[in-house]
There are 4 protein chains.
Amino acid sequence: AKQDSKVAPLTKTELDALVDTTLEAKKNAYCPYSDFEVGAALLTTDGKMYFSCNCENASYGLSICAERSAIFKAVSCGERKFRAISCAGNKRDTQFKSSDPFTTPCGACRQVMMEFPIDWLVLVRPDRSYKITTPKKMIPFAFTPKDVLPPSKL
Amino acid sequence: AKQDSKVAPLTKTELDALVDTTLEAKKNAYCPYSDFEVGAALLTTDGKMYFSCNCENASYGLSICAERSAIFKAVSCGERKFRAISCAGNKRDTQFKSSDPFTTPCGACRQVMMEFPIDWLVLVRPDRSYKITTPKKMIPFAFTPKDVLPPSKL
Amino acid sequence: AKQDSKVAPLTKTELDALVDTTLEAKKNAYCPYSDFEVGAALLTTDGKMYFSCNCENASYGLSICAERSAIFKAVSCGERKFRAISCAGNKRDTQFKSSDPFTTPCGACRQVMMEFPIDWLVLVRPDRSYKITTPKKMIPFAFTPKDVLPPSKL
Amino acid sequence: AKQDSKVAPLTKTELDALVDTTLEAKKNAYCPYSDFEVGAALLTTDGKMYFSCNCENASYGLSICAERSAIFKAVSCGERKFRAISCAGNKRDTQFKSSDPFTTPCGACRQVMMEFPIDWLVLVRPDRSYKITTPKKMIPFAFTPKDVLPPSKL
Ligand SMILES: [Zn+2]
Ligand SMILES: [Zn+2]
Ligand SMILES: [Zn+2]
Ligand SMILES: [Zn+2]
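Residues numbered from 1 in each chain as written. Chains lettered and ligands numbered in written order. Predicted model: local features only at pLDDT ≥ 70, side-chain atom pairs only at ≥ 80, totals over all residues. Heavy atoms only, no water.

Focus: the coordination of the zinc ion (ligand 3)
All names here are of chain C.
Logical step 1: In the first shell of the zinc ion (ligand 3), the protein supplies Cys65 (SG), Cys106 (SG) and Cys109 (SG), at 2.3 Å from the metal.
Logical step 2: Each donor residue of the zinc ion (ligand 3) lies on the same chain, and together they follow the pattern C-x40-C-x2-C. By the burial criterion, Cys106 is buried, and Cys109 matches it. (Donors = N, O, S within 2.8 Å, 3.2 Å for Na, K, Ca; no water. Buried < 20%, exposed > 50% of the residue type's maximum accessible area, 1.4 Å probe, protein only.)

With respect to the interface of chain D and chain C
Logical step 1: Across the contact, 20 residues belong to chain D and 20 residues belong to chain C.
Logical step 2: When chain D packs against chain C, the two sides together hide about 1,400 Å² of surface, and 63% of this comes from carbon and sulfur.
Logical step 3: Across the chain D-chain C interface, the total number found is zero salt bridges.
Logical step 4: On the surface where chain D and chain C come into contact, there are ten residue pairs in polar contact (both at pLDDT 80 or more).
Logical step 5: The leading source of residues in the side of chain D that touches chain C is helix 3 (residues 107-113) of chain D, at four residues. (Contact = heavy atoms within 4.5 Å. Buried area = accessible area lost by both parts, 1.4 Å probe. Salt bridge = Lys/Arg side-chain N within 4 Å of Asp/Glu carboxyl O. Polar contact = N/O pair within 3.5 Å; in protein donor to acceptor, adjacent residues only side chain to side chain. Helix = DSSP H or I, 4+ residues; strand = E, 2+ residues; numbered from the N terminus.)

Things to note about the packing of helix 2 (residues 66-76) of chain A against helix 2 (residues 66-76) of chain D
Logical step 1: At their nearest, the axes of helix 2 of chain A and helix 2 of chain D sit 9 Å apart, and the two run at 110 degrees to each other. Between helix 2 of chain A and helix 2 of chain D, the angle is such that the two are roughly perpendicular. Taken together, the residues of helix 2 of chain D that come into contact with helix 2 of chain A (itself represented by A:Ser69, A:Phe72, A:Lys73 and A:Ser76) are D:Ser69, D:Phe72, D:Lys73 and D:Ser76.
Logical step 2: Classifying every residue of the contact of helix 2 of chain A with helix 2 of chain D gives two nonpolar, four polar and two charged. (Axes fitted to C-alpha atoms, helices over the stretch in contact; angles between N-to-C directions. Parallel < 35°, antiparallel > 145°, perpendicular 65-115°, else oblique. Nonpolar A, V, L, I, M, F, W, Y, C, P; charged D, E, K, R; others polar.)

What about the confidence of the model for chain A?
Logical step 1: When the pLDDT values of chain A are averaged, the result is 96; 97% of them are 70 or greater.
Logical step 2: Two summary scores accompany this predicted model of the complex, namely pTM at 0.97 and ipTM at 0.96. (pLDDT = per-residue confidence, 0-100.)

What to know about the sheet that holds strand 1 (residues 36-44) of chain D
Residue and element names in this part refer to chain D.
Logical step 1: Spatially, the five strands line up as an open sheet ordered 2-1-3-4-5, and their pairing is mixed. Both outer strands of the open sheet, strand 2 (49-53) and strand 5 (130-133), are each paired with one neighbouring strand and no more. Across the sheet, the axes of successive neighbouring strands diverge by a mean angle of 20 degrees, strand direction being ignored.
Logical step 2: Note: strand 1 against strand 2, five bridges, orientation antiparallel. Opposite Ala40, over in strand 2, you have Ser52 as the bridge partner.
Logical step 3: Its contacts with the sheet put helix 2 on strand 1, strand 2, strand 3 (82-91) and strand 4 (118-124), and the angle it makes with strand 2 is roughly 140 degrees. (Pairing = 2+ DSSP bridges.)

Points about the sheet that holds strand 1 (residues 36-44) of chain A
All names here are of chain A.
Logical step 1: The strand order across the open sheet formed by five strands is 2-1-3-4-5, and the pairing between neighbours is mixed. The two strands at the open ends of the sheet, each matched to only one other strand, are strand 2 (49-53) and strand 5 (130-133). Strand-to-strand twist in this sheet, taken as the mean axis angle between neighbours without regard to direction, amounts to 20 degrees.
Logical step 2: As paired strands, strand 1 and strand 3 (residues 82-91) are joined by nine bridges and run antiparallel to one another. Paired with Leu42 across the two strands is Ile85, which belongs to strand 3.

Here you go:
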């Protein structure tokens with residue numbers, strides 16, 4: 001995907017850090033129900049990196065994805081503006097094949113990405129290959145804070 | 001949006017029924033926290049209509065949207081294949097203005113729409129105006145059952 | 001559990017209807033991820049019965065339980081006051097043993113049960129055996145609407 | 001509440017740290033929809049402290065509570081065993097009164113607390129007063145991993 005002209009493209013250094021952090025975070029995934037492990041990384045506009053993984057639950061509906069967990073973690077540290085979020089996922093203990101698809105965020109995570117400004121979304125595979133897109137492209141015509149909050153709170 | 005060529009376009013009769021049902025369902029919305037009332041309608045491939053509304057909770061995260069609620073209701077009745085889903089939403093007790101935007105489904109609802117085949121998505125406004133699109137267009141490159149289920153279960 | 005003295009105990013007719021509806025609803029469960037099928041029934045104060053089942057999702061966190069789905073369905077029909085909710089669950093295609101535990105609602109469902117008045121909670125097993133308790137006993141010191149809503153909205 | 005005899009009671013030092021961390025974490029709450037700010041702290045069995053706050057969403061159902069967010073954060077760092085979790089909440093910009101109730105965790109958070117061993121639950125108020133209980137007491141007869149996972153995965 002072509003990068004948006006209004007924001008600075010991700011640098012090689014930023015991309016390397018996002019890919020490394022995402023794949024490293026995936027190792028902590030708690031996924032005994034699906035055996036599908038996911039990692040995510042979130043880079044703030046001032047260069048801080050947050051990471052997380054999925055955390056499942058016996059009541060499946062209370063499971064959380066890696067992407068949302070990373071956003072919640074950063075928000076808990078006072079962060080509100082982001083350069084990029086990245087994610088990678090795969091069935092545990094399977095051999096990567098070059099034909100494997102890029103794991104994309106679920107709709108819930110795309111929605112949570114729209115709550116805060118995030119310039120880029122990077123899809124990562126276990127072999128460190130990646131694709132660059134944006135949250136906005138992944139959830140067109142999104143329902144956002146301005147649909148429910150009064151202007152004074154935006 | 002142009003309708004997809006592979007599936008039959010929605011008829012005037014179907015659209016009228018979806019719009020009517022959506023706006024009627026909205027009246028039952030339980031939304032004391034947001035005062036944002038939403039209605040949804042879901043038409044099965046064999047012509048049955050299901051409706052629902054949003055149902056909020058003191059623990060905000062346990063609130064459900066109208067669109068997902070309609071899908072869950074239909075699934076509980078054994079339905080698995082759908083022609084169309086529609087939704088409408090607005091702040092309670094506000095006067096409709098022709099400049100008001102169409103309320104679009106949140107990302108969680110878009111994700112749940114991808115769990116089952118649904119040909120069309122109809123966005124409705126309180127004045128009965130509507131726009132036709134598809135779930136697929138609203139959540140491109142979606143994470144879907146085939147990403148996690150073995151082929152034998154698809 | 002002893003039945004609460006303030007509300008009328010469930011009659012044999014009500015209990016039979018709850019048990020039958022719960023076990024019948026379970027047949028429509030959509031649970032390709034967990035293979036754990038759950039059914040629920042919800043009886044209104046004026047004698048109407050609603051039923052539902054769990055509906056899972058490729059993004060596990062977007063799965064819904066049978067109990068919550070039944071409540072959302074009834075609310076969409078304008079219902080707000082309930083006599084009883086019941087649920088039953090089991091791993092698909094397993095033989096029932098008399099030592100099997102009663103499936104209890106998850107915490108999210110217990111929370112949603114507290115949003116509306118529901119007198120009784122009935123736990124059901126596949127052999128039609130049951131236990132009677134109350135939502136309140138299953139989530140003591142609950143966080144409820146009065147903790148967040150202004151008195152005028154209660 | 002009397003402390004459980006099987007596990008060591010919380011020390012004054014531990015309680016002080018939990019209370020301080022909880023109230024400090026509350027300051028980062030992102031709650032433009034409810035204006036109800038919540039903080040949580042989570043102490044691991046080997047003495048590490050994690051904190052978080054609630055993070056709401058335009059789609060109310062995608063909001064997360066402070067308690068769950070703290071657990072997800074700790075899990076993402078590889079933690080799986082906990083001494084205690086604590087939480088505090090209040091409507092933003094209101095004066096604390098000694099008659100104010102202790103904010104208790106919602107059902108979803110209680111459920112997520114049961115996914116991992118957590119000895120104690122500490123309810124905190126803005127004036128640093130607290131009550132000690134346990135997750136188990138707050139969600140009796142819980143639905144837990146052993147209800148769905150095969151013994152080999154427990
Ligand atoms: Zn997700
Ligand atoms: Zn939604
Ligand atoms: Zn549940
Ligand atoms: Zn909670």
